[in-house]
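Report on the structure
One letter stands for each residue in the lines below.
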Amino acid sequence: MSSVSSQPQFRYTQPPSKVLHLRNLPWECTEEELIELGKPFGTVVNTKCNVGANRNQAFIEFEDLNQAIQMISYYASSSEPAQVRGKTVYLQYSNRQEIVNNKTTADVVGNVLLVTVEGEDARMVSIDVLHLVFSAFGFVHKITTFEKTAGYQALVQFSDEETATSAKNALDGRSIPRYLLAEQVGQCSLKITYSAHTDLTVKFQSHRSRDYTNPYLPIAPSAIDSTGQVAVGVDGKKMEPESNVLLASIENMQYAVTLDVLHMVFAAFGDVQKIAMFDKNGGLQALIQYKDVQTAVVAKEALEGHCIYDGGFCKLHITYSRHTDLSIKVNNDRSRDYTMPNPPVPMPQQLGQNPYTGNPQQYHAAGGSHQQQQSPQGGWVQPGGQGSMGMGGGGHNPYMAPPSSSSMHYGPGGHMPPQHYGGPGPMH
DNA sequence: AGCACA
């Protein structure tokens, strides 16, 4: 028996059905508007909005077939077409006899939006751009992004349904403004539905997920992608292997960074055993060895993305090295072993490279220094632009203070009293 | 402006 298989997709005249197919609807036509439209002819018992590729079609189902017939007949002979918000709506009998009432989660209003970014370069749209776009409608609590078969998607959490709805109405089907995208990035449009979620779980700040309500949330080691060094562990499920040795690369090195500067910066978090500096790809990198992994983790989270000098100069990017023990052959201006009993090292040279004051006080270690604050943030410039964690409010230090016990004694050489550098001490 | 479901 093949009763329906040879039916054409549609005809100009469908056999009557209590289900009507509507097209040319305005964007985001609501169920209420559809009920309103059908009300003069009978009782609308079910609707389905946002149908079709453009989501500008819908179905309404009347209680009774005659009601549907009345509506079709009326508009067939009316001089005024059916309208929603002034837009002409075209009606016909549906080729089905009832609306399958799967109200998908996409139709249930909620405070979390499911956003699909469409376009060749959809993946080039950063979470920061999304944040910017959606923040226009209210405070964005959290964003997570992920890849599904549907493509590049994001969940955007607002505080309430109203805010989410205003964002959805305004942005669904729209393109991300050009000026927010890099030159070579093609058009990216947004398709938005409601998500069934009400509260997203964000374990780490990363390039894939953000919790804007919690600046103290740990930063995923993989969060910083500007140097393309790390790309694992996005959900906080998997992190790059931690190490007691950090690899620091210095970006925008407008001013010299010496071994002593690095030592000062990194010693704020605990004993630095060894440092080796070297040039790589035209930039300066350094390996900094702590005695344990924990200290390195604290230092990395505190320093990553921050600048040694105000003004965005000498920005640090830090990853874990695969080394565990550096082999320092000779102590010189590029490498040093602070654990050596009698290191033949000179006193630290004058650190006169500071572009502003000519003294090293400008940069002082993070971790709760209070003695010489010259800037409201305690000297560490907020990471700029991409990778910004959006923290900094409240005057709290977003990263942990290192244990003061281990940060106050240096190697046997003992030539650099840390107090001079405003290293972390007990808070007063 | 032309028929949904995940």
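Residues numbered from 1 in each chain as written. Chains lettered and ligands numbered in written order. Predicted model: local features only at pLDDT ≥ 70, side-chain atom pairs only at ≥ 80, totals over all residues. Heavy atoms only, no water.

The name recorded for chain A in an unreviewed UniProt entry is RNA-binding domain superfamily, from Arabidopsis thaliana x Arabidopsis arenosa. Looking at chain A in UniProt, the text filed under Subcellular location (unreviewed entry) is "Nucleus". Here is the UniProt Function (unreviewed entry) comment for chain A, exactly as written: "Plays a role in pre-mRNA splicing. Binds to the polypyrimidine tract of introns. May promote the binding of U2 snRNP to pre-mRNA." (UniProt positions renumbered as here; feature names shortened; annotations may be inferred.)

A count of helices and strands for chain A gives seven helices and 17 strands. Within chain A, the fraction of its 428 residues that count as buried is 48%. Considering only intrachain contacts with a sequence separation of at least 6, the fraction spanning at least 24 residues in chain A is 68%. For chain A, the exposed surface amounts to about 21,400 Å²; the carbon and sulfur share of it is 52%. (Helix = DSSP H or I, 4+ residues; strand = E, 2+ residues; numbered from the N terminus. Buried < 20%, exposed > 50% of the residue type's maximum accessible area, 1.4 Å probe, protein only. Contact = heavy atoms within 4.5 Å. Areas by Shrake-Rupley, 256 points an atom, 1.4 Å probe, with all protein chains shown as cover.)

Attention now moves to the pairing of strand β14 (residues 283–290). Burial runs high along β14: seven of the eight residues are buried. One ladder, built from six bridges, connects strand β12 (residues 245–251) with β14; its direction is antiparallel. By the bridge assignment, serine 249 is partnered in β14 with glutamine 285. Direction of pairing for strand β13 (residues 272–280) relative to β14: antiparallel, over a ladder of eight bridges. Directly across from lysine 274, in β14, lies its bridge partner glutamine 289. Here β13 folds back onto β14, and the loop between the two strands holds two residues, one of which, asparagine 281, carries a positive phi near 50°. (Pairing = 2+ DSSP bridges.)

For the rest of this paragraph, the subject is the sheet that holds strand β15 (residues 307–309). Ordered in space as β15-β16-β12-β14-β13-β17, the six strands form an open sheet in which the pairing is antiparallel. With one partner strand each, in any of the chains shown, β15 and β17 (335–337) form the two edges of the open sheet. Here the strands of the sheet are splayed against their neighbours by 25° on average, with no regard to which way each runs. Across the sheet, helix α5 (residues 259–267) is in contact with β12, β13, β14, β15, β16 (313–320) and β17; its angle to β13 comes to roughly 130°. Of the strands in this sheet, β12, β14 and β16 touch helix α6 (residues 293–303), which is tilted by about 140° from β16. (Axes fitted to C-alpha atoms, helices over the stretch in contact; angles between N-to-C directions.)

Applying the stated criterion to the full structure yields 13 salt bridges. Linking arginine 336 and aspartate 260 is a salt bridge whose minimum nitrogen-to-oxygen distance equals 3.5 Å. One end of the pair, arginine 336, is in strand β17; the other, aspartate 260, is in helix α5, with 76 residues separating them in the sequence. Here arginine 336 matches aspartate 260 in class, with each residue buried. Several salt bridges converge on common partners, so that one network encompasses Glu28, Arg55, Lys168 and Asp172. (Salt bridge = Lys/Arg side-chain N within 4 Å of Asp/Glu carboxyl O.)

Those residues of helix α3 (residues 127–135) not exposed but buried are Ile127, Val129, Leu130, Val133 and Phe134. For α3, the angular spread of buried residues about the axis comes to 155°, placing them on one side. Those residues of α3 that are buried lie in contact with β7 (112–118), β8 (140–148), β9 (151–158), α4 (161–171), β10 (189–194) and β11 (209–211). (Arc of directions from axis to C-beta.)

To continue, consider the packing of aromatic side chains. Across all of its chains, the model carries six aromatic pairs by this definition. Taking 5.1 Å as the distance between ring centres and 85° as the angle between the ring planes, the aromatic pair formed by tyrosine 255 and phenylalanine 313 counts as edge-to-face. With tyrosine 255 in the loop between β12 and α5 and phenylalanine 313 in strand β16, this residue pair connects regions lying 58 residues apart in the sequence. Residue tyrosine 255 is classed as partly exposed on the basis of its relative accessible area of 29%. Taken together, the ring pairs connect Phe41, Tyr74 and Tyr75 into an aromatic cluster. (Phe/Tyr/Trp six-rings, centres within 6.5 Å; stacked < 30°, edge-to-face > 60°.)

This part is about the side chain of asparagine 50. Its location among the elements puts asparagine 50 in strand β2 (residues 44–51). Assessed through its relative accessible area of 19%, asparagine 50 is described here as buried. When sequence neighbours within four positions are dropped, the list of residues in contact with asparagine 50 reads Glu28, Cys29, Arg55, Gln57 and Asp107.

Below, the discussion takes up the confidence of the model for chain A. The predicted model of chain A has a mean per-residue pLDDT of 78, with 71% of residues at 70 or higher. Ranking the helices and strands of chain A by mean pLDDT puts strand β1 (residues 19–23) first, with 97, and helix α7 (residues 404–407) last, with 37. Confidence drops under a pLDDT of 50 for residues 2–6, and excluding neighbours within four residues, the segment shows zero contacts in the predicted structure. Predicted confidence is poor over residues 224–238, with pLDDT under 50, and the contacts of this stretch with residues over four places away or in other chains come to 31 contacts. (pLDDT = per-residue confidence, 0-100.)

For the rest of this paragraph, the subject is the sheet that holds β11. As summarised here, the arrangement of the five strands in space is β10-β7-β9-β8-β11, forming an open sheet in which the pairing is antiparallel. Two strands close off the open sheet at either side, each with one partner strand: β10 and β11. Within this sheet the neighbouring strands show an average axis-to-axis angle of 20°, counted without direction. Examined bridge by bridge, β7 and β10 share six bridges and lie antiparallel to one another. Counterpart to threonine 116 in the pairing with β10 is lysine 191.

Where burial is concerned, most of α5 is hidden: nine out of the nine residues are buried. Residues of α5 that are buried include every one of Leu259, Asp260, Val261, Leu262, His263, Met264, Val265, Phe266 and Ala267, and no others.

This part takes up the environment of threonine 47. When you line up the elements, threonine 47 lands in strand β2. Exposure remark for threonine 47: the relative accessible area of 5% places this residue in the buried category. The spacing of threonine 47 and glutamate 31 is 16 residues in sequence and 6.4 Å in space, taken between C-alpha atoms. Leaving out residues up to four positions away in the same chain, threonine 47 has contacts with Glu31, Leu34, Ile35, Phe59, Ile60 and Ile99.

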